[in-house]
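The chain contents come next:
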Amino acid sequence: MSLLNPGPRGSARRARQLTGRARGLTGRARGLTGRARGLTGRAGGLTERARQLSRGDAAQSPMVPTRQLDCEDAAQSPRPDPRPVAGPHPHSGSSTVAAHRGFANTRGSTARRGIAARRPAVLGLASAGVLASSLVFSASPVAAASPVAAAGPKVAATSPVTAVGPKVAATSPVAAATSPVAVAGPKVAAASRVATAGPKVAASGPTVAAGPKVGAVAAQDAPAAGACSTDVRVSATARTDDALTSAFTRYGNNGAGFDHWSGGDSTYSARLSGGRIAWIFSDTFLGSAAADGSRPRSSPFINNSIVVQQPVVQQPAAQQPSATGSTGIRLRTVHGGTPNRPEAILPPSTNNSWYWFGAAQPSDDGRTLSVIALRFERFGPGYWDWRWASNHLLRLDTTRWTAEPLRDLPSAANVQWSAWLQPAGDDLLVYGVEDLGAEKYLHLAKVPGGDLTAVDRWQYWTGTGWSGSEKQSARILDHVANEMSVTPWRGGYLAVTQDTAVPFDNAVRGYFSCRPEGPFTDLGVLYRMPETGPNGSYRDPNVFGYNAHIHPDLSTGDELLLTYNVNSLSESQLYADVSIYRPRFVRLNLQLG
């Protein structure tokens, strides 16, 4: 549109309006990841325009529409409609919810409302126990030896990860409206996103844009005081973790029977006793893959599971497939029910609800695992008639895989306290996400002593201090994904997530702060997921990525283990190509510079 010279009074009034608009755009720039530079430039232009109008010398001139943003990190190709699709589950015949809360504006999931909901409610599981699949497969040093190669031509040679995968990330158009708990009271502090001007990243290859560097800070230790600076520039290189990729590809392809993991999403991890690692999944496909790389329609689908990685068996150097030096990874699946009728570890509490797993924390001896469980429920017959309901804690014995009774966690402030758990001295930091559908905000709580079940000891960051009232919890970062990580790095905290304000963006971004509550400086893009969109390795606009986070216990020095999930808006594709719905494992090498 054009602006006409409105005369002296109109010019002054318009000058004030444009000046205010410039300030608003500048503030918005701090809140929008990857768009700060473009918006700041626009704000400067509007300020200059205001000066011109105040001098009365404004002539007719074009003005950029307010929603036309300069987004350097936006997708490089047209994005598909962000709404998910639905389809029947092979067993229940009910609608599937193909998206929820993970990536763009929802976590993403192929969660079926009828799956396991037909079975009796079991909260404790201690009496019935949780079944650990007896199928244990050794990983081959050569992934191609699997009878189901990584789904043929759909995986391009340029993809940094060959196999392993997902959950849904599409925008839920009614997520805010269906939220069962209104946001309680005003937030004490506004979300802080970008604290520095100008870019901090240096591109390094077509799919890796930039990143931060991990210092000598131990993964589970709080950063040392006085050793932090937010004035950092970072660059990143990336490579596939061949050992984990090969292990999960072979294990998922070579299953037998109905109780064997073949794909899932979330992909949190925790170290257990005896050198074991728990890989924690939400929506999970079980069963075997066909020889042509497809997934049978009869494959069971459950809403949560765990895959246990056994201690690595070292192979001779000649058999090692990569610099990781480990090829003997053995995996097994933990689920509920029986081998012929598998259920989720935590089955639904009612016929119209289900649980998804979030972050988890092991006990000091690794014999007990505390997993945050989010309960979701349906409230009507419509496709979008479902919502997050409450937060819970499931505590598992990791030697017998039995469960204690489910515990309730704080759920009064519309915050899903499941995004990340991070020990910090004697405290356990709990990061949660306030999910309003189109807007998502990060919150922070801490538990002195680290016992999550001691809900009366939880404290919440208010923007200026700590409070015992959950409703005083403040927003500390905006446009985050429901699953992310905030880990110690270089004397401060590195947040890794995706910008959910950009639908189906393939960028994994980093933010840095000297304190766990922020403010966070935008480090830029750390990695770009190569599988997604029409120009991705699957050459499919329905394929997207989500749930990116770092695994500090499995990272070494400057090299971080990053995982993310891949999914499709087309449910039929998840059956046609078993490689889509699996996690990806990437080693990020981050350098200051």
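Just so we're clear, the structure is a prediction, and the values are computed from it rather than from any experiment.

1. Some words on the overall build of the chain
Move 1: Of regular secondary structure, the chain possesses 4 helices and 30 strands.
Move 2: Out of the 593 residues in the chain, the part that is buried amounts to 60%.
Move 3: A fraction of 68% describes how many contacts in the chain between residues 6 or more apart in sequence connect residues 24 or more apart.
Move 4: A total of about 20,900 Å² of accessible surface is found on the chain, and carbon and sulfur atoms cover 52% of it.

2. Overview of the pattern of salt bridges
When the charged atoms of two side chains lie near each other, side chains of opposite charge can form a pair.
Move 1: Using the criterion set out here, one finds 13 salt bridges in the structure.
Move 2: Its salt-bridge partner being Arg-407, residue Glu-404 comes within 3.2 Å of it at the nearest N-O pair.
Move 3: Salt-bridge contacts for Glu-434 lead to Arg-475; the nearest nitrogen and oxygen are separated by 2.9 Å. Of the two residues, Glu-434 sits in strand S19 (residues 427-435) while Arg-475 sits in the loop between strand S22 (466-467) and strand S23 (477-478), which places them 41 residues apart along the sequence.
Move 4: The buried category is assigned to Glu-434, whose relative accessible area is 0%.
Move 5: Ionic contacts of the salt-bridge type, sharing partners, join the residues Arg-375, Glu-377 and Arg-387 into one network.

3. A few points about the nonpolar core
Move 1: By size, the foremost hydrophobic cluster in this structure holds 61 residues, and its most contacted members are Ile-306, Leu-369, Leu-442, Leu-452 and Trp-458.
Move 2: Every residue in contact with Ile-306, bar those within four places of it in the chain, is listed here: Ala-278, Trp-279, Ile-280, Arg-332, Thr-333, Val-334, Ile-345, Leu-369, Leu-396 and Trp-401.
Move 3: Counting 33 residues, the second largest nonpolar core, distinct from the first, contains Ala-236, Val-543, Leu-562 and Leu-590.

4. Digging into the sheet that holds strand S24 (residues 485-489)
Move 1: Ordered in space as S24-S25-S26-S27, the 4 strands form an open sheet in which the pairing is antiparallel. A strand with exactly one partner marks an edge of an open sheet, and here the two such strands are S24 and strand S27 (521-528). When strand polarity is set aside, the average angle formed by the axes of neighbouring strands in this sheet is 25 degrees.
Move 2: Where S24 and strand S25 (residues 492-497) come together, 5 bridges link them in antiparallel fashion.

5. A look at helix H3 (residues 242-253)
Move 1: Taking 1.5 Å of rise per residue, 12 residues should cover 16 Å, and H3 covers 16 Å from first to last C-alpha, within 8% of that figure.
Move 2: Residues of H3 that are buried include every one of Ala-243, Leu-244, Thr-245, Ser-246, Ala-247, Phe-248, Thr-249, Arg-250, Tyr-251, Gly-252 and Asn-253, and no others.
Move 3: Its side-chain oxygen at 3.3 Å from the backbone nitrogen of Ala-243, Asp-241 defines the N-terminal cap of H3.

6. Quick notes on the state of the cysteines
Here is the idea: a disulfide is a covalent bond, and it sits between the sulfur atoms of two cysteines.
Move 1: One pass over the full model with this rule turns up 1 disulfide.
Move 2: The disulfide partner of Cys-228 is Cys-514, and the gap between their sulfur atoms is 1.9 Å. Measuring the twist about the S-S bond at about -85 degrees, one finds the Cys-228-Cys-514 disulfide to be left-handed. A residue pair is termed long-range when its members are at least 10 positions apart, and Cys-228 in the loop between strand S5 (201-202) and strand S6 (234-240) and Cys-514 in the loop between strand S26 (507-513) and S27 qualify at 286 residues.

7. Quick notes on the packing of aromatic side chains
Move 1: Counted according to the given criterion, the structure contains 25 aromatic pairs.
Move 2: Ring geometry for Phe-285 and Tyr-575: centres 5.4 Å apart, planes at 75 degrees, overall edge-to-face. Taken together, the positions of Phe-285 in strand S8 (residues 277-286) and Tyr-575 in helix H4 (residues 571-576) put the pair 290 residues apart, joining distant regions of the chain. Both residues of the pair, Phe-285 and Tyr-575, belong to the buried class.
Move 3: Summarising the aromatic geometry, the rings of Trp-354 and Trp-356 are spaced 5.7 Å apart at their centres and angled 65 degrees between planes, so their arrangement reads as edge-to-face. Note on accessibility: Trp-354 and Trp-356 belong to one class, buried.

8. Topic: the environment of Thr-398
Move 1: Within the element layout of this structure, Thr-398 appears in the loop between strand S15 (386-397) and strand S16 (402-403).
Move 2: Classification of Thr-398 as buried rests on a relative accessible area of 0%.
Move 3: Separated by 31 residues in sequence, Thr-398 and Arg-367 have C-alpha atoms that sit 5.2 Å apart.
Move 4: Setting aside anything within four residues of it in sequence, one finds Thr-398 in contact with Leu-272, Ser-273, Arg-276, Gly-366, Arg-367, Thr-368 and Leu-369.

9. Overview of the pairing of strand S7 (residues 261-271)
Move 1: Taken across its 11 residues, S7 has 10 buried, putting it largely inside the fold.
Move 2: Both S7 and S8 contribute to a ladder of 8 bridges, which runs antiparallel. Residue Tyr-268 lies in a different strand from S8, and its bridge partner there is Ile-280.
Move 3: Linking two consecutive strands that pair antiparallel, namely S7 and S8, is a turn of 5 residues; a positive phi of about 70 degrees is found at Gly-274 within it.

Reading the values: the criteria
Residues numbered from 1 in each chain as written. Predicted model: local features only at pLDDT ≥ 70, side-chain atom pairs only at ≥ 80, totals over all residues. Heavy atoms only, no water. Helix = DSSP H or I, 4+ residues; strand = E, 2+ residues; numbered from the N terminus. Buried < 20%, exposed > 50% of the residue type's maximum accessible area, 1.4 Å probe, protein only. Contact = heavy atoms within 4.5 Å. Areas by Shrake-Rupley, 256 points an atom, 1.4 Å probe, with all protein chains shown as cover. Salt bridge = Lys/Arg side-chain N within 4 Å of Asp/Glu carboxyl O. Core = buried A, V, L, I, M, F, W, Y, C linked by side-chain atoms within 4.5 Å. Pairing = 2+ DSSP bridges. Axes fitted to C-alpha atoms, helices over the stretch in contact; angles between N-to-C directions. Expected span 1.5 Å × (residues − 1). Polar contact = N/O pair within 3.5 Å; in protein donor to acceptor, adjacent residues only side chain to side chain. Disulfide = S-S within 2.5 Å. Phe/Tyr/Trp six-rings, centres within 6.5 Å; stacked < 30°, edge-to-face > 60°.

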